[in-house]
Structures are given as C-alpha cells and as structure tokens.
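Topology and contacts: notes
Residues per chain, in single letters:
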Amino acid sequence: MKMLRHARQAATLAAATMLVIGGAAGCAKEDTGGTTESGVTLIKAGALTTCTHLPYAPFQSKDQTGKVVGFDVALIDLVAAKLGVTQEIVDTPFEGIKSGADLNSGKCDVAAAGMTITDERKKVLDFSEPYFDATQALATQTGKEVKTLEELVGKRLGVQGGTTGEEYINGQVKEKSLDIKVVSYRDLAALQQALATNQIEGAVNDLPVWNEYIKANPGKVVVAAGFDTGEQYGFAVKKGNAQLLKTVNEAIAAARADGTYDKIYAQWIGEKPVG
Ligand code: GLN
C-alpha cells in the first residue's frame with residue numbers, strides 16, 4: 001500500500017513536471033526540450049530525436065508509405081519506449097552525423113546510421129556498446145565479377161562519401177599503388193544507381209546493404225569479393241551525455257537478453273551466421 005502511494009505520488013509529480021515543460025515550450029519560440037521520468041534530457045519534449053542518413057537499408061530506409069523503418073529504427077524504438085517517448089527521425093548527411101556536429105548543435109539526441117565505431121569518431125562522439133558486426137564488400141554487375149582490387153586497375157570503383165568503405169578503399173589504393181579511379185557518391189542510392197547504370201565497374205559498401213540490395217533486385221548485382229574489416233556499429237550520443245548513453249546500452253542489453261534482438265535481426269537482416 002505504501003509502495004503504491006509512493007508510486008502514485010511520483011506519477012503526479014511527473015505529470016506536473018510535464019505540464020511545466022509544456023508551459024515553457026508554449027512561451028518559447030522553439031521547443032525547449034524535456035526531461036523524462038528517468039532523468040534523461042531530450043532536445044524535444046516527448047520525443048527521442050534520431051539523426052540518420054537515408055537510405056541505408058536494411059538499417060534505415062523508407063517503406064512504401066514513406067515511414068522510416070529498419071534494424072536501427074527497431075532498436076532505437078526500444079530506447080524510446082524505455083524513456084516513455086516516441087522516436088522521431090531526422091534525415092541528414094552522414095558527414096554531420098559522424099563529425100558530431102548534429103548532436104552538438106542539438107539537431108538530435110542520438111545518431112543511428114549503421115555507423116561503424118572508429119577511434120577517430122570516438123573523439124567527437126560517445127558510442128554505445130557495439131550492436132552489429134559488419135565487413136566491407138565489393139559488388140559488381142552479374143557476369144562482371146572481379147575477385148581482387150588489382151583487376152580494377154584502369155577502371156572506376158564507386159564508394160560512399162565519408163564512410164569506412166571509402167576510407168578502406170583509399171587506403172588500399174594508396175598502399176598497393178593501384179591506378180584505380182575511386183569515385184565518391186553522396187549516398188548509398190546514388191552509388192547503387194551508378195553501379196546499375198555502368199558508370200562504375202564495382203562498388204564498395206558494407207556487406208549487409210549489398211545483401212539487401214540483391215534481395216530487392218535479384219540477378220542484377222553480386223557480391224564479388226569481401227574485405228574482412230572487422231567493423232562494429234554503434235549508436236552515438238553527444239559527448240558527455242552519459243544518461244542517454246546508459247539508457248541506450250540498457251535497452252540493447254535487455255533486447256539481447258530477452259530474444260528481442262534476435263527477432264529484430266531475423267526480421268531485417270535474416271539468418272544469423274553460425275559461429
Ligand atoms: N558503416 C559505414 C560507416 O560507418 C557506413 C555507414 C553509412 O553509410 N550509413 O562509415
């Protein structure tokens with residue numbers, strides 16, 4: 001009984017807090033944000049605002065109705081649920097996400113963009129525990145397979161600007177002194193379009209996005225070679241936002257423990273590799 005009364009008092013207090021926040025937001029020109037019951041401060045009251053860069057299926061892309069869906073979206077929905085708010089997604093260039101600029105300027109609370117954890121990015125972002133393992137893959141049109149980068153000498157190879165794939169390829173080209181024309185595209189859709197229309201001989205990006213593309217466009221493109229870069233994806237928050245980071249990590253850990261993670265994985269990625 002005592003517990004119940006306490007809980008009720010806490011709820012009343014929380015409702016009062018919400019009202020105050022609502023009032024403040026009403027006066028100010030811009031939304032002044034809000035604090036959830038668990039003490040996490042959000043840039044917009046009632047929402048967990050996520051920065052991402054579309055399209056990046058199966059992690060985030062628009063469905064037929066225009067709704068943004070995917071593996072990352074499903075995981076961040078769990079974080080939003082834990083905070084008692086709904087997720088709102090902002091589509092923005094990858095550069096602003098990985099540089100920390102979007103989180104620092106208050107464009108969003110969290111970044112979820114199939115983003116690889118790197119030492120360089122760790123300097124400007126605080127990453128969650130890893131939530132996905134990825135490698136790089138070289139896709140070509142069916143019938144034009146190449147197994148090595150050496151076979152692309154004198155040809156054009158596409159990458160996506162600002163990504164770890166671009167960095168890996170530029171590194172290889174330099175290290176092996178390969179005369180390959182590396183062409184950077186602003187997003188995954190532009191890269192895939194370039195490959196489909198013969199503007200490039202091959203294209204490098206994270207393996208799961210090629211698997212997804214091949215599922216959606218059977219027979220046209222193949223994964224011709226893989227590069228085991230041993231990457232891990234992390235969600236990111238503004239440097240120092242320990243409260244939100246804790247909630248993100250707790251949501252991932254809970255999803256891994258209760259089977260939700262596996263369900264989301266099966267839905268968006270497919271069968272888990274054995275071992
Ligand atoms: N995983 C890659 C990176 O972090 C690609 C991410 C993306 O394009 N959304 O650079």
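Presented here is a report on the structure given in the accompanying data block. What you see is a predicted model, and the numbers here were worked out from it, not measured in a lab.

Thoughts on the pairing of strand 11 (residues 181-185)
Note that strand 10 (residues 156-160) and strand 11 share five bridges and pair parallel. When the bridges of strand 11 are listed, Val159 appears paired with Ser184. The parallel pair strand 10 and strand 11, bridged by helix 6 (residues 164-175), forms a crossover whose chirality is right-handed.

Some remarks on helix 2 (residues 71-83)
Residues that lie three or four places apart on an α-helix share one face, since the helix turns once every 3.6 residues. For helix 2, with 13 residues, the first-to-last C-alpha span of 19 Å sits near the 18 Å given by 1.5 Å per residue. Those residues of helix 2 that sit buried are Phe71, Asp72, Val73, Ala74, Leu75, Ile76, Val79, Ala80 and Leu83.

Comments concerning the site of the ligand
Taken together, Tyr56, Phe94, Ala113, Gly114, Met115, Thr116, Arg121, Gln160, Thr163, Thr164, Asp206 and Tyr233 make up the full set of residues adjacent to the ligand. Here Arg121 contributes a side-chain N or O atom positioned 2.7 Å from an oxygen atom of the ligand. In this structure, an oxygen atom belonging to the ligand sits 2.8 Å away from a main-chain N or O atom of Thr164. Relative to its unbound accessible surface of 300 Å², the ligand loses 100% to contact with the protein. Grouping the amino acids of the shell around the ligand by side-chain chemistry returns five nonpolar, five polar and two charged.

Here's the deal with the pattern of salt bridges
This model, assessed by the stated rule, comprises eight salt bridges. With its nearest N and O atoms 3.7 Å apart, the salt bridge here joins Lys122 to Asp119. With Lys122 and Asp119 both in helix 5 (residues 119-122) and three residues apart, this pair spans about one turn of that helix. In this structure Asp119 comes out as exposed when scored by relative accessible area, which is 59%. Among the ionic pairs, Glu250 bridges to Lys246, the shortest N-O distance being 3.3 Å. Linking Glu250 with Lys246, this pair stays in helix 9 (residues 242-258), spanning four residues, or about one helical turn. Each of Lys82, Lys246 and Glu250 takes part in salt bridges that share partners, so that together they form one network.

Digging into the state of the cysteines
When the sulfur atoms of two cysteines share a covalent bond, that bond is a disulfide. Scanning the model with the defined rule gives one disulfide in all. A disulfide bridge connects Cys51 with Cys108, and the sulfur atoms are separated by 2.1 Å. On the sign convention where negative is left-handed, the bridge of Cys51 and Cys108, at about -100 degrees about the S-S bond, is left-handed. One end of the pair, Cys51, is in strand 3 (residues 47-52); the other, Cys108, is in the loop between helix 4 (101-104) and strand 7 (110-111), and 57 residues separate them in sequence. When its relative accessible area of 0% is taken as the criterion, Cys51 is described as buried. What makes Cys108 buried here is its relative accessible area of 3%.

Side note on the sheet that holds strand 3
Backbone hydrogen bonds are what pair the strands of a sheet, in a parallel or an antiparallel way. The five strands lie next to each other as 6-3-7-14-8, forming an open sheet whose pairing is mixed. Both edges of this open sheet fall to strand 6 (86-91) and strand 8 (126-127), since each of them pairs with a single strand only. Inspection of the sheet shows strand 8 paired to strand 14 (residues 236-237) by two bridges, in the antiparallel sense. Counted as the bridge partner of Asp126 is Val237 from strand 14. In the packing of helix 2 onto the sheet, contacts are made with strand 3, strand 6 and strand 7, and the angle to strand 6 comes to roughly 135 degrees.

Some details on the environment of Asp262
The topology assignment puts Asp262 in helix 10 (residues 260-268). Measuring from C-alpha to C-alpha, the distance between Asp262 and Lys272 comes to 8.5 Å, with ten residues separating the pair along the chain.

Looking at the packing of aromatic side chains
Under the criterion given, the structure shown has 15 aromatic pairs. Between Phe59 and Phe132 the ring centres are 5.0 Å apart and the planes differ by 80 degrees, which places this aromatic pair in the edge-to-face class. Of the two residues, Phe59 sits in the loop between strand 3 and strand 4 (61-62) while Phe132 sits in strand 9 (residues 132-141), which places them 73 residues apart along the sequence. The exposure classification of Phe59 matches that of Phe132, with both residues buried. Considering the side-chain rings of Tyr131 and Phe235, the 3.8 Å spacing of their centres and the 5 degrees angle between planes classify their relative orientation as stacked. Note that Tyr131 is positioned in the loop between strand 8 and strand 9 and Phe235 in the loop between strand 13 (221-233) and strand 14, a separation of 104 residues in sequence. For the pair Tyr131 and Phe235, one class covers both residues: buried. The structure contains a cluster of three or more aromatic residues connected by ring pairs, namely Tyr56, Phe59, Phe71, Tyr131, Phe132, Tyr233, Phe235, Tyr261 and Tyr265. Over the face of the ring belonging to Tyr261 we find Arg256, whose NZ or CZ atom lies 4.4 Å from the ring centre.

Reading guide: rules and limits
Residues numbered from 1 in each chain as written. Predicted model: local features only at pLDDT ≥ 70, side-chain atom pairs only at ≥ 80, totals over all residues. Heavy atoms only, no water. Pairing = 2+ DSSP bridges. Helix = DSSP H or I, 4+ residues; strand = E, 2+ residues; numbered from the N terminus. Right-handed = clockwise from strand over helix to strand, strands pointing away. Expected span 1.5 Å × (residues − 1). Buried < 20%, exposed > 50% of the residue type's maximum accessible area, 1.4 Å probe, protein only. Near = heavy atom within 4 Å. Polar contact = N/O pair within 3.5 Å; in protein donor to acceptor, adjacent residues only side chain to side chain. Areas by Shrake-Rupley, 256 points an atom, 1.4 Å probe, with all protein chains shown as cover. Nonpolar A, V, L, I, M, F, W, Y, C, P; charged D, E, K, R; others polar. Salt bridge = Lys/Arg side-chain N within 4 Å of Asp/Glu carboxyl O. Disulfide = S-S within 2.5 Å. Contact = heavy atoms within 4.5 Å. Axes fitted to C-alpha atoms, helices over the stretch in contact; angles between N-to-C directions. Phe/Tyr/Trp six-rings, centres within 6.5 Å; stacked < 30°, edge-to-face > 60°. Lys NZ or Arg CZ within 6 Å of the ring centre and 35° of its normal.

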